[in-house]
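Structural overview for review
Residues per chain, in single letters:
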Amino acid sequence: MRREYDEDCMYCPQCDDEYRAEIRTCAECKIALVPGARMAAMLEEPVYRTIEPHEELVAVRRGPLLMIRQLEDYLRKAGLASLVTPGEDGRCAGGCRGPEVELKVRASEVEQVLAALAEEHRKSTGLDLHDESLNGALFDVEVGRAACPACGCLFSTDTILCPDCGLRFV
């Protein structure tokens, strides 16, 4: 993170990019910018409080240790606390993928965590760069025309094959 913030500029709280004062949204993260004074104040605030032993936890992901640690790091940067624990059977399952563990979060923050993880997934897979406006059209026969996801050809929804590339829609 940056150590000094210009009070006349705006900053992205996620990627820390700097913008002119009249810009309101980060071009990369698509979130609202905050003034430099607020960013400086955020440096003084604790990012998140640690999980206390008495708090109710919910497992939101299970997988290889490396993947879960990456998600834990992403949540920490988003200001959300999490805890990595052995799987529900109480032990790590070894093997070629390494130990399987669970990522647990506060029950009160599950919705925030799932939204943050969904955003991380969209960014890491490149889905945030794609137009999703026609996603439902393929399966909605009421729409009449849809676009093939493989080649972009427009076709009638009463057919099961793309007339251009032959992709099957069943």
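Our structure's up above, just so we're on the same page.
A brief report on the enclosed structure follows. Computed from a prediction, not measured in an experiment: that's the story for all the values here.

Focus on the overall build of the protein
Within the protein, the regular secondary structure consists of three helices and eight strands. Secondary structure elements of the protein occur, N-terminal to C-terminal, as β-β-β-α-β-α-β-β-α-β-β. Within the protein, buried positions represent 28% of all 170 residues. The long-range share in the protein, meaning contacts at least 24 apart out of those at least 6 apart in sequence, stands at 42%. Entry remark: accessible area of the protein is about 11400 Å², with carbon and sulfur atoms responsible for 52%.

Considering helix α3 (residues 110-125)
If you check α3, its first and last C-alpha atoms are 22 Å apart, about what 16 residues at 1.5 Å a residue would give, namely 22 Å. Within the span of α3, buried status applies to V110, V113, A116 and L117. Within α3, the buried residues cover an arc of 130° as seen down the axis, which keeps them to one side. Residues of α3 that are buried sit in contact with β4 (57-64), α2 (65-77) and β6 (100-106). Phi for G126, located one or two positions after α3, is positive at around 80°.

Describing the sheet that holds β6
In space, the three strands of this open sheet follow the order β4-β6-β5, with antiparallel pairing throughout. The two strands at the open ends of the sheet, each matched to only one other strand, are β4 and β5 (83-86). Sheet twist, expressed as the average angle between the axes of neighbouring strands with direction ignored, equals 35°. Of the pairings in the sheet, the one linking β4 to β6 comprises seven bridges and is antiparallel in character. Within β6, the position partnered with R62 by the bridge is E102. Its contacts with the sheet place α2 against β4, β5 and β6, and it is angled at close to 135° to β4. Contacts from α3 reach β4 and β6 within the one sheet, and its direction differs from that of β4 by about 25°.

Structural notes on the pattern of salt bridges
Evaluation of the coordinates by the stated rule reveals nine salt bridges. Between R62 and E100 there is a salt bridge, and its shortest N-O distance comes to 3.4 Å. Linking R62 in strand β4 with E100 in strand β6, this pair joins segments that are 38 residues apart in sequence. Here D73 makes a salt bridge to K77, at a shortest N to O gap of 3.3 Å. Of the two residues, D73 and K77 are both situated in helix α2; the distance of four residues between them amounts to about one turn of the helix. Residue classification places D73 among the partly exposed positions, given a relative accessible area of 26%. Here the residues in one salt-bridge network are R62, E100, E102 and K104, joined through shared partners.

Rules used throughout
Residues numbered from 1 in each chain as written. Predicted model: local features only at pLDDT ≥ 70, side-chain atom pairs only at ≥ 80, totals over all residues. Heavy atoms only, no water. Helix = DSSP H or I, 4+ residues; strand = E, 2+ residues; numbered from the N terminus. Buried < 20%, exposed > 50% of the residue type's maximum accessible area, 1.4 Å probe, protein only. Contact = heavy atoms within 4.5 Å. Areas by Shrake-Rupley, 256 points an atom, 1.4 Å probe, with all protein chains shown as cover. Expected span 1.5 Å × (residues − 1). Arc of directions from axis to C-beta. Pairing = 2+ DSSP bridges. Axes fitted to C-alpha atoms, helices over the stretch in contact; angles between N-to-C directions. Salt bridge = Lys/Arg side-chain N within 4 Å of Asp/Glu carboxyl O.

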